[in-house]
Amino acid sequence: MEDPTIPSSLIGAITFFLLLGIVALVVIKETVKVVLKPALIIIVLALLAVWAGILDETVVGGSFEWIGDKLLAGIEGISEWVADSWEARTGDS
């Protein structure tokens, strides 16, 4: 029977990807810490304002409508740009 050996390239690849994964996890963890703290503070303050009655349905609904309008306008602009670019590239009219 042959002596089963593990190729050194496989060990090197596993080590490389483990180190890459560790670095990625650290970066993601720190990014989440930086992003979530302000977001959680804003969410808690908004919930307290709604609970206290400072923000009523019309203000919250208006804010959501404004955000949705801006998001849809951005998506529409991007889709028109992509369609125009595609037509210019392919020569279709």
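Here goes a summary of the coordinates provided. (Residues numbered from 1 in each chain as written. Predicted model: local features only at pLDDT ≥ 70, side-chain atom pairs only at ≥ 80, totals over all residues. Heavy atoms only, no water.)

**Re a nonpolar patch on the surface**
Together, Ile28, Val32, Leu36, Leu40, Ile43 and Leu47 line one region of the surface with nonpolar side chains, adding up to about 560 Å² of accessible area. Structurally, Leu47 can be placed in helix H1 (residues 8–52). (Patch = residues over 30% accessible without salt bridge, like charges linked within 9 Å, V, L, I, M, F, W, Y side chains within 5 Å. Areas by Shrake-Rupley, 256 points an atom, 1.4 Å probe, with all protein chains shown as cover. Salt bridge = Lys/Arg side-chain N within 4 Å of Asp/Glu carboxyl O. Helix = DSSP H or I, 4+ residues; strand = E, 2+ residues; numbered from the N terminus.)

**Remarks on the packing of aromatic side chains**
Scanning all chains against the criterion turns up 1 aromatic pair. Between the aromatic rings of Phe16 and Phe17, the centroid separation amounts to 5.3 Å while the plane-to-plane angle is 70°, which identifies the pairing as edge-to-face. (Phe/Tyr/Trp six-rings, centres within 6.5 Å; stacked < 30°, edge-to-face > 60°.)

**Considering the pattern of salt bridges**
Per the counting criterion, the structure on display carries 1 salt bridge. In this structure, Lys33 engages Glu30 in a salt bridge whose closest nitrogen and oxygen atoms are separated by 3.7 Å. Taken together, the positions of Lys33 and Glu30, both in helix H1 and 3 residues apart, correspond to about one turn of that helix. A residue is classified by how much of its surface remains accessible, and Lys33, at 41% relative accessible area, is partly exposed. Residue Glu30 is classed as partly exposed on the basis of its relative accessible area, which comes to 40%. (Buried < 20%, exposed > 50% of the residue type's maximum accessible area, 1.4 Å probe, protein only.)

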